[in-house]
Amino acid sequence: MMGEFKAPKGTKDILPDDSPRWDRFFNAVETVYKNYGYGRIDTPIFEAESLFARGIGDGTDIVNKEMYAFTDKGGRKIALRPEETAGVVRAFLEHDLGRNNPLFKAYYKGPMFRYERPQGGRQRQFWQVGVEALGSADPALDAEVIDCALESLSAAGLEDLKLHINSVGCPICRPGYTTVLRGYILTEPDRFCPTCLERAEKNPMRVFDCKNPGCAAALQAAPLITAHLCAACADHFSAVLAALQVIGVAAEPDPRLVRGLDYYTKTAFEIKSGALGAQDAVAAGGRYDGLVEQFGGVSTPGIGFAVGVERVLLATEAAGRPAAGPDVYVATLGAEARQAGLAAAKGLRRTGFAVAVDFSDKSLKKQLSYADKAGAGFTLIVGDEELQTGAYVIKNMRTGEQAALDPESLEPWLTSQKQEGA
RNA sequence: GUGAUCGUAGCUCAAAGGCAGAGCACCGCACUGUGGCUGCGGUGGUUGGGGGUUCGAGUCCCCUCGGUCACCCCA
């Protein structure tokens, strides 16, 4: 029966039947992140709105149209985090985490919020996991971070992944390139769609995202950033590619790859899944060497990536391994027996057994069928007869065998059964 | 934000303007304290919500909420 309320648009409940899949995902990726030397960081789900505006960029869609922003009762301008890098960098500065560390490494997991039109693999509240590494500009670190992303995804069961990589330059070389690109577009404006012409003004590199066939054709001969990188960026990029090759990571250089966040410099990458529709980027990241300084810290290079958890779960088989049932299901007949069953359940739980007590007050037949449906290994039956004799009936739900035991011998008996079963 | 499409029982779906249905699930009985299998019976709905057209609307029209797909954007 549908009640009055529904989950807000673009949000989803993760129900007990789904959560084992999520748990398995988090276990898999967190193990990888720890093996790569990252410790978990949890930052607030909301921050000062200006933190995101400054970090992600004033001109980006995320900041302009997609932020959940509000004013709190103290008059503070607050926003729900649309991504995690800004929060991690803020915490890095606030606690001076770079002081005793040549390289600060942290991973995170948690919900992010963007006000967008929902679609498969795109929600208003969605989960991300990811890592940030602050303190080194070494291109080998770029390769390690990318490798870490790929390893975590394959640990999560993803196949058919493709790594797209590019260098988006730096404040020294990028402006020169965008001027050249803008010039190219405006030489033949008739060949481009209106949105591309608009992009030519604001952020020329975005034209490469256009799916319009006419624009794509017109861009065939467009100047690419690869030829316009400064020496430092070009060297860095080729060193990243070389390092990837050494560790055996296949990369597809894509000079048209663009990122939607302003803070990226040099390396930018995207990992796509062949198992998804339009929203096929399952992870993305890059270097942000200017961000710490932009937040008022001493210049510190950084790099990281984010993984979209719902997208990974969409792309992996929905292998529905059901949640494990209780070890013991306690069926009781009558109020007195219910109490005795509760006491027995408490004792068994303390010794490590998962125990479910039946509160339905239904027939024994019904309670056994509930035990069956719950996937219980054993059912403990307590009724008048058992209370009289002091011997409780314990039934093996697989074999159908049952035994009568006094309550004290239940735990040792179940323990020995468990060992035999394993 | 733009466009398209869908919304009927807990779930999956029928009903081509004329009695709201099926399968599964659920409950009960056969079987009064012993699950799975079988048979029989039963509960369950303001057809997402609101308005309109019509003798009559699940069906047509408008508004609204939500889902899906694409765009936009992105994880």
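As shown above, the structure is provided for reference.
Student: Got a minute to help me understand the sheet that holds strand β7 (residues 161-167) in this structure?
Tutor: Spatially, β1-β5-β6-β11-β10-β9-β7-β8 is the arrangement adopted by the 8 strands of the open sheet, whose pairing is mixed. Of all strands in the sheet, those with a lone pairing partner are β1 (39-40) and β8 (252-253), marking the two edges. Strand contacts of helix α4 (residues 85-94): β5 (104-113) and β6 (125-134), with the helix running at about 45° to β6, the strand carrying the most contacts.

Student: Teacher, can you tell me more about the protein's contact with RNA strand B here?
Tutor: Lining the immediate environment of RNA strand B, one finds 53 residues, of which G120, R122, R206, G260 and M397 sit closest. Between RNA strand B and R259, the relevant distance is 2.9 Å, taken from a phosphate oxygen to a side-chain nitrogen or oxygen of the residue. In the environment of RNA strand B, a sugar or linking oxygen lies 2.7 Å from a nitrogen or oxygen atom belonging to the backbone of A281. Among the elements that take part in the surface near RNA strand B, helix α13 (residues 364-374) stands out by supplying 8 residues, more than any other. For the surface near RNA strand B, the per-class residue count stands at 15 nonpolar, 15 polar and 23 charged.

Student: Got a minute to help me understand the packing of aromatic side chains in this structure?
Tutor: Aromatic ring pairs: the centre-centre distance and the angle between the two ring planes describe each pair. A complete count under the given rule lists 11 aromatic pairs for this structure. Aromatic side chains F26 and W127 sit 5.8 Å apart centroid to centroid with 55° between the ring planes, which places their arrangement in the tilted category. With F26 in helix α1 (residues 19-35) and W127 in strand β6, this residue pair connects regions lying 101 residues apart in the sequence. Note on Y68 and Y115: the rings are 5.6 Å apart at their centroids and 70° apart in plane angle, and the pair reads as edge-to-face. Here Y115 lies in the loop between β5 and β6 and Y68 lies in the loop between α3 (61-65) and β3 (69-71), a separation of 47 residues in the sequence. Assessed through its relative accessible area of 43%, Y115 is described here as partly exposed. Members of the aromatic cluster, connected to one another through ring pairs, are W22, F25, F26 and W127. The side chain of K105 reaches across the aromatic face of Y38, ending 4.7 Å from its centre.

Student: What's the story with the packing of helix α5 (residues 139-155) against helix α9 (residues 231-246) in this structure? I'm lost.
Tutor: When two helices pack together, their arrangement is captured by the angle between the axes and the distance separating the axes. Interaxial distance between α5 and α9 falls to 8 Å at its minimum, and their mutual angle equals 50°. With respect to their mutual orientation, α5 and α9 come out oblique. Considering the relative orientation of α5 and α9, their crossing is right-handed. Where α5 abuts α9, its residues P139, A140, D142, A143 and I146 lie against H236, A239, V240, A243 and L244.

Criteria and thresholds
- Residues numbered from 1 in each chain as written.
- Chains lettered and ligands numbered in written order.
- Predicted model: local features only at pLDDT ≥ 70, side-chain atom pairs only at ≥ 80, totals over all residues.
- Heavy atoms only, no water.
- Pairing = 2+ DSSP bridges.
- Helix = DSSP H or I, 4+ residues; strand = E, 2+ residues; numbered from the N terminus.
- Contact = heavy atoms within 4.5 Å.
- Axes fitted to C-alpha atoms, helices over the stretch in contact; angles between N-to-C directions.
- Near = heavy atom within 4 Å.
- Polar contact = N/O pair within 3.5 Å; in protein donor to acceptor, adjacent residues only side chain to side chain.
- Nonpolar A, V, L, I, M, F, W, Y, C, P; charged D, E, K, R; others polar.
- Phe/Tyr/Trp six-rings, centres within 6.5 Å; stacked < 30°, edge-to-face > 60°.
- Buried < 20%, exposed > 50% of the residue type's maximum accessible area, 1.4 Å probe, protein only.
- Lys NZ or Arg CZ within 6 Å of the ring centre and 35° of its normal.
- Parallel < 35°, antiparallel > 145°, perpendicular 65-115°, else oblique.
- Left-handed = near helix turned anticlockwise from the far one by under 90°.

Purely geometric numbers; function is a separate question.
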